[in-house]
Structure formats: C-alpha cells, structure tokens
Amino acid sequence: MKAKRRPLSPFMIGPYYKPQLTSLMSIAHRASGVFLSLVAAPLLLWWIIAVSSGPEAYRALSGFFSGWFGRLLLAASLLGLFYHLFNGIRHLVWDTGRALEIRDAYRAGFLVLAATALATVGMLGVLLWA
C-alpha cells in the first residue's frame, strides 16, 4: 500500500515554510508586550518612586540612566513602546476591515516599522541629547 503524503504544518520553518512579514510582526508584537510588562513598567515604577522619594533617590536613578546600560534599557523600552503602539493601531485598522489585502498589509507593516524607527530616534534625541 502506498503511503499518503500529508500536508506540512506551517510551524516547520526552513525549507518548508517561509516566514512572512505579518507573522514576524505578530511575534514581535507579543514580545514587545512582554518586554514592556516585565522591564519597561518596573523602570517607570522605579522612576515614579524615585521622584516621590526625594533628591537623593532621584540622583541615584539619574546616575543609572546616564550609564550605558541604563541608556540601552531606555532605548529598548522606547523601541518596544512605539512598536507596540503603532502595530496596535495597525491591528485596529484591520479590525475595521481595511488594509487586509496582502499588498496593503505589507505596506502597513513597513509603515509601522518606519514610524517606530523615526519615533524612537526622535524621542531618544529629545531625552538624551537635548
């Protein structure tokens, strides 16, 4: 008896399945949400506590964020925040039934990536070098 050829599952990345922009951006959206919850939100909480605790606590916080690791965390938090924001707006547009064609979905995806890059670089410029 001849064996049946079964269809391959889409999780098989490599020669069987080519990741698409929309699937990669969906994964990145989830990852940015987790990062914002586990890293950026505690940093924001630390900032609020430092501001309300007085000059000594705020000076310690400022010292941390003026170092390379603090700046890296700030940049990553801004990147995650802007990506999650703009990609969420793209999903809201999809919820209205618009931009669902492949061409429009890719156009919106590239627009999200460009807006994320511009907003992140612009905000870092304001926060770190202004």
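Before reading further, recall that the structure is shown in the block above.
Basis of the calculations
Residues numbered from 1 in each chain as written. Predicted model: local features only at pLDDT ≥ 70, side-chain atom pairs only at ≥ 80, totals over all residues. Heavy atoms only, no water. Helix = DSSP H or I, 4+ residues; strand = E, 2+ residues; numbered from the N terminus. Buried < 20%, exposed > 50% of the residue type's maximum accessible area, 1.4 Å probe, protein only. Areas by Shrake-Rupley, 256 points an atom, 1.4 Å probe, with all protein chains shown as cover. Core = buried A, V, L, I, M, F, W, Y, C linked by side-chain atoms within 4.5 Å. Phe/Tyr/Trp six-rings, centres within 6.5 Å; stacked < 30°, edge-to-face > 60°. Salt bridge = Lys/Arg side-chain N within 4 Å of Asp/Glu carboxyl O. Polar contact = N/O pair within 3.5 Å; in protein donor to acceptor, adjacent residues only side chain to side chain. Contact = heavy atoms within 4.5 Å.

(A) Structural context of the overall build of the protein chain. Scanning the protein chain from terminus to terminus reveals 4 helices and 0 strands. In sequence order, the secondary structure elements of the protein chain are arranged as α-α-α-α. A total of 130 residues make up the protein chain; the buried ones form 22% of that total. When the accessible surface of the protein chain is split by element, carbon and sulfur atoms take 71% of a total near 9600 Å².

(B) Up close: the nonpolar core. Within the largest apolar cluster, 5 residues are counted, these being Leu43, Ala50, Leu61, Phe65 and Leu73. Elements with a minimum of two residues in this core: helix H1 (21-53) and helix H2 (55-66).

(C) A look at the packing of aromatic side chains. The full count for this structure, using the stated rule, is 7 aromatic pairs. With a centroid separation of 6.1 Å and an interplanar angle of 40 degrees, the aromatic rings of Trp46 and Phe65 are classed as tilted. With Trp46 in helix H1 and Phe65 in helix H2, this residue pair connects regions lying 19 residues apart in the sequence. Residue class for Phe65 comes out buried when judged on its relative accessible area of 18%. Centre to centre, the rings of Phe64 and Phe65 are 5.3 Å apart; their planes meet at 70 degrees, and the pair counts as edge-to-face. Clustering of aromatic rings is evident, with ring pairs tying together Trp46, Phe64, Phe65, Trp68 and Phe69.

(D) Layout of the pattern of salt bridges. In total, this model carries 2 salt bridges according to the counting rule given. Across the salt bridge formed by Arg59 and Glu56, the nearest N and O atoms sit 3.4 Å from each other. Of this pair, Arg59 and Glu56 both sit in helix H2, 3 residues apart, roughly one helical turn. The exposure class of Glu56 is exposed, given its relative accessible area of 58%. Of the charged contacts in the structure, one is a salt bridge between Arg107 and Asp104, with a shortest N-O distance of 3.7 Å.

(E) The side chain of Ser32, seen in detail. Within the secondary structure, Ser32 sits in helix H1. The exposure class assigned to Ser32 is buried, which follows from its relative accessible area of 8%. Polar contacts involving the side chain of Ser32 include one to the main-chain carbonyl oxygen of His29, which spans 2.9 Å.

(F) Spotlight on the environment of Val93. Position of Val93 relative to the elements: it lies in helix H3 (residues 68-95). The sequence separation of Val93 and Ala108 amounts to 15 residues, and the corresponding C-alpha distance is 9.6 Å. Setting aside its immediate chain neighbours within four residues, Val93 contacts Arg98 and Ala99.

Don't take any of this as a statement about function, it's just geometry.
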